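# Structure at a glance
In case you want the letters, here they are:
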Amino acid sequence: MLNALVVYAAQEGEAPNPLLPAWYDIIWSAVCFVIILFVFWRIALPQMKDMLDQRAAAIEGNIAKADDAQRKAEAALVEYTSQLAEARKEAGEIRDAAREDGKKIVAEAKDAAAVEASRLTAAAHSQIEAERQSALVSLRSEVGTLALDLAGGVIGEALSDDAKAQGVVDRFLAELEASEAAR
């Protein structure tokens, strides 16, 4: 066949146009193009389409997962923020309660100290009064003893006996009344 084509080309005698190919080149090129187009259309294109669909689905799935993760993160942030605000509020309430408790404890301690001070003051006053009474009793007995000794020295009799001392005191009082009545 190649010989026939060569013969036909020689018969034409005209110079071929370099921009326009020969008819047999166009036919063979068209046949190759149709075969390649068919193979590409039936085999390569569906595989590429499937691969692109899978990639698109994976990308959309990842985007959906990212959106879901974003929503969860925002929800967690909102929850964290609310918990933080609640914790701060609770800490403030605890701090205020502690201040109030501290004030109550200080007031109770002051009251207890005042009660204890007044108790100690009352105990001290009662002890002072008891010691004063004891001192008065002791002084009276000592003064009485000294007075009887002095009176015994003045009268010239010993006044160690109670009945005798009572008699001396009575006699002294009677003499005193008599001297006063004589004047």
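Conventions we followed
Residues numbered from 1 in each chain as written. Predicted model: local features only at pLDDT ≥ 70, side-chain atom pairs only at ≥ 80, totals over all residues. Heavy atoms only, no water. Helix = DSSP H or I, 4+ residues; strand = E, 2+ residues; numbered from the N terminus. Buried < 20%, exposed > 50% of the residue type's maximum accessible area, 1.4 Å probe, protein only. Areas by Shrake-Rupley, 256 points an atom, 1.4 Å probe, with all protein chains shown as cover. Patch = residues over 30% accessible without salt bridge, like charges linked within 9 Å, V, L, I, M, F, W, Y side chains within 5 Å. Salt bridge = Lys/Arg side-chain N within 4 Å of Asp/Glu carboxyl O. pLDDT = per-residue confidence, 0-100.

### A look at the overall build of the chain
- Looking only at helices and strands, the chain has 3 helices and 0 strands in total.
- Counting helices and strands in the order they occur from the N terminus, the chain gives α-α-α.
- Residue burial in the chain is summarised as follows: out of 183 residues, 3% are buried.
- Taken as a whole, the chain presents about 16,000 Å² of accessible surface, with 64% of it coming from carbon and sulfur.

### Details of a nonpolar patch on the surface
- A contiguous nonpolar surface patch, about 930 Å² in accessible area, is contributed by W23, Y24, I27, W28, V31, I35, F38, V39 and I43.
- With respect to the helices, strands and loops of the structure, V39 is situated in helix α2 (residues 23–155).

### Re the pattern of salt bridges
- Under the definition given, this model contains 5 salt bridges.
- In this structure, the salt-bridge partner of K72 is D68, at a minimum N-O distance of 3.5 Å. Taken together, the residues K72 and D68, both in helix α2 and 4 residues apart, mark about one turn of the helix.
- For K72, a relative accessible area of 56% puts it in the exposed group.
- In this structure D68 comes out as partly exposed when scored by relative accessible area, which is 31%.
- It is possible to trace a salt-bridge network through shared partners that takes in D68, R71 and K72.

### Regarding the confidence of the model for the chain
- The share of residues in the chain with pLDDT of 70 or more is 73%, and the mean pLDDT across the chain is 82.
- No element of the chain has a lower mean pLDDT than helix α1 (residues 2–12), at 61, and none a higher one than α2, at 88.

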